[in-house]
Amino acid sequence: MANTATLEVNGEKHEFPLVKGTENEVGIDIKNLRSATNGVVTIDPGYKNTGSCESAITFLDGEKGILRYRGYSIEELAEKAEFLEVAYLLIFGELPTQEQLDKFHKDIKAQSVVDEDVRKIIDAFPKSAHPMGVLASLTSALTAFNPSSVNVNSEEDMYKAIVKILGKFPVLVAWTLRKKQGLPLDYGDNSLGYVENVLKMMFKQPNCEYELDPIVVNALDKLLILHADHEQNCSTSTVRIVGSSHAGLFASLSAGISALWGPLHGGANQAVLEMLEGIKADGGDTKKYMAKAKDKDDPFRLMGFGHRVYKNFDPRAKIIKKSADDVLGNLGVEDPILDIAKGLEKEALEDSYFVDRKLYPNVDFYSGIIYRAMNIPTDMFTVMFALGRLPGWIAQWREMRLNQEPIGRPRQIYTGETHRPFKAIDKRS
Ligand code: CMC
């Protein structure tokens, strides 16, 4: 294969180098496009054809349905690893030894108290506030309580910021739920594992012990692993672009949480469950909703279906579907919503509209059914996604800073009015 791509603009030919990744993906390096062509830019709304960076964290092949973190397959990690090991792997590049993992967990636990004044901020929110809004605000507020900026040239400084956010974030997650449910804010129990502690912090009632259910612990651990990174998705790109202005880690993460909230991204898990509930309340007629999803005059979309990159099964959805069956079976939960979801999936996979457009169930299609079986309220689903995605965002932010990437600042093609004289207010119609 040639090492360059040739582009002809206004009759002049320009050569651009090709960049090849370790999995043989090829990109055209257009860093010098504007200078070589006297200001010509590329236009790519939604960045469907744009590689924003080179990254060594996550590989995903949408045609083959492959997802790997640092070279390890998602299937193997979901089966054999724990969430905190995966977090370490994503952030630092290698699976930790037992000693490294123990130290990592110890350092995180040492940071798992948030300033008491954060309670005052939570008190000011109405109970009706959406948990994602609360979580984004609280994450941003951490900047005020931890004002020293990270010296990214110091691995030690970087490490301290990382364990700090990994320690405090689960507390914020739990508090958004407890606030909503009118429960006293709780700090959990540092003698527990990371995921066990999250569950205890979320669900412990003030008047009795919280008993951990290993089925729930394993299911949440797996869900968090499956959500932990997904290369340059909307929220991760947001974290990288905000961080590229040298905004701090917590501020960058808070922006990522806001990006994740949207129903086309992480908010889809809430939207899926609401959709399934709506179909159930409407008599369970899945065919009616399939028709709506295909009708171009109807804004309805089959939530939890389709993906920008996967044009084959989302490997995470395969694992989660199996897990939904196992978890609900083991917990003895019968949820008619699961049958509606399976019915919709079957119809979609046999329907030419979905087949032709390569629309398959994504990670969000079945995850909400598991969260619901764990008694997690629907509007908390995206918060759980954020908890899982945290290590990925951190890893991507760290990589971006260590690679000394320039500030993210795309160009545009201006299509507004050309120059015109100012019109006095009494002359305007
Ligand atoms: N239901 C019905 N039609 C769909 C759907 C859907 N869920 N998704 C895509 N299409 C159609 C779309 O109308 C278009 O049709 P046409 O070519 O006739 O105009 C075609 O498929 C391509 O869609 P697109 O919107 O151009 O694709 P995209 O890559 O810009 O969007 C997506 C990807 C995930 C935003 C989109 O598939 C979608 O809105 N899905 C539902 C929301 C959802 O489940 N989001 C979670 C994504 S996975 C979690 C995460 O990591 O974010």
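Residues numbered from 1 in each chain as written. Predicted model: local features only at pLDDT ≥ 70, side-chain atom pairs only at ≥ 80, totals over all residues. Heavy atoms only, no water.

A few words now on helix H3 (residues 83–92). Buried residues dominate H3, accounting for eight of its ten residues. Three or more residues of H3 are buried, namely Phe83, Leu84, Val86, Ala87, Tyr88, Leu89, Leu90 and Ile91. (Buried < 20%, exposed > 50% of the residue type's maximum accessible area, 1.4 Å probe, protein only. Helix = DSSP H or I, 4+ residues; strand = E, 2+ residues; numbered from the N terminus.)

A separate point is the UniProt feature "active site" (unreviewed entry) in the chain. Residues given the UniProt feature "active site" (unreviewed entry) here are His307 and Asp364. A maximum C-alpha distance of 10.6 Å is found for the annotated residues, which run over 58 residues; spatially they form one tight group. Tracing the sequence through the fold places His307 in the loop between helix H13 (286–294) and helix H14 (315–331). Residue class for His307 comes out partly exposed when judged on its relative accessible area of 22%. Other than its neighbours up to four places away in sequence, His307 contacts His230, Arg316 and Asn362. For His307, the side chain forms a polar contact with the main-chain nitrogen of Val309, separated by 2.9 Å. Relative to the helices and strands, Asp364 resides in helix H17 (residues 364–373). The contact partners of Asp364, leaving out residues within four places of it in the chain, are His227, His265, Gly266, Ala268, Asn269, Val272 and Phe385. (UniProt positions renumbered as here; feature names shortened; annotations may be inferred. Contact = heavy atoms within 4.5 Å. Polar contact = N/O pair within 3.5 Å; in protein donor to acceptor, adjacent residues only side chain to side chain.)

A few words on the sheet that holds strand E4 (residues 58–61). Spatially, three strands are ordered E4-E5-E6 in an open sheet, and the strand pairing comes out antiparallel. Every interior strand has two partners, whereas the edge strands, E4 and strand E6 (72–73), have only one. Where strand E5 (residues 66–69) meets E6, two bridges bridge the pair, whose relative direction is antiparallel. Bridge pairing in E6 places Arg68 opposite Ser73. (Pairing = 2+ DSSP bridges.)

Right, let's talk about the site of the ligand for a bit. By nearness alone, 21 residues border the ligand, and His265, Arg301, Leu302, Gly304 and Arg308 come closest of all. Between the ligand and the protein, one listed contact pairs a nitrogen atom with a side-chain N or O atom of Tyr353 at 2.9 Å. Between the ligand and Asn362, the relevant distance is 2.9 Å, taken from an oxygen atom to a side-chain nitrogen or oxygen of the residue. Considered on its own, the ligand offers 930 Å² of accessible surface; in the complex 78% of this is hidden by protein. Residue composition of the shell around the ligand, grouped by class: ten nonpolar, five polar and six charged. (Near = heavy atom within 4 Å. Areas by Shrake-Rupley, 256 points an atom, 1.4 Å probe, with all protein chains shown as cover. Nonpolar A, V, L, I, M, F, W, Y, C, P; charged D, E, K, R; others polar.)

Per the domain assignment, the segments making up the chain are domain 1 (2–50), domain 2 (81–260 + 380–401) and domain 3 (265–372). A straight line from the C-alpha centre of domain 1 to that of domain 2 covers 38 Å. (Domains from an automatic or database assignment.)

So, about the environment of Val333. Looking at the secondary structure, you find Val333 in the loop between H14 and helix H15 (336–349). Separated by 39 residues in the primary sequence, Val333 and Arg372 place their C-alpha atoms 9.9 Å from one another. Dropping the residues within four chain positions of it, Val333 is found in contact with Leu328 and Ala373.

Ring pairs (aromatic) are described by centroid distance and by the angle formed between their planes. Per the stated rule, a full pass over the model turns up 15 aromatic pairs. Taken together, a centroid distance of 5.7 Å and an interplanar angle of 75° make the contact between Phe305 and Phe354 edge-to-face. With a gap of 49 residues between them, Phe305 in the loop between H13 and H14 and Phe354 in helix H16 (residues 352–356) connect regions that are remote in the sequence. With relative accessibility at 2%, the residue Phe354 sits in the buried group. Pairing Phe305 with Phe365 gives two aromatic rings, centres 5.1 Å apart and planes at 85°, and the pair type is edge-to-face. Remark: Phe365 occurs in helix H17 and Phe305 occurs in the loop between H13 and H14; sequence separation between them is 60 residues. Under the relative-accessibility criterion, Phe305 is labelled buried at 11%. You can call Phe365 buried: its relative accessible area is 0%. Here the aromatic residues Phe305, Tyr353, Phe354, Phe365 and Tyr366 are joined through ring pairs into a cluster of three or more. Taking NZ or CZ as reference, Arg357 lies 3.9 Å from the ring centre of Tyr353, over its face. (Phe/Tyr/Trp six-rings, centres within 6.5 Å; stacked < 30°, edge-to-face > 60°. Lys NZ or Arg CZ within 6 Å of the ring centre and 35° of its normal.)

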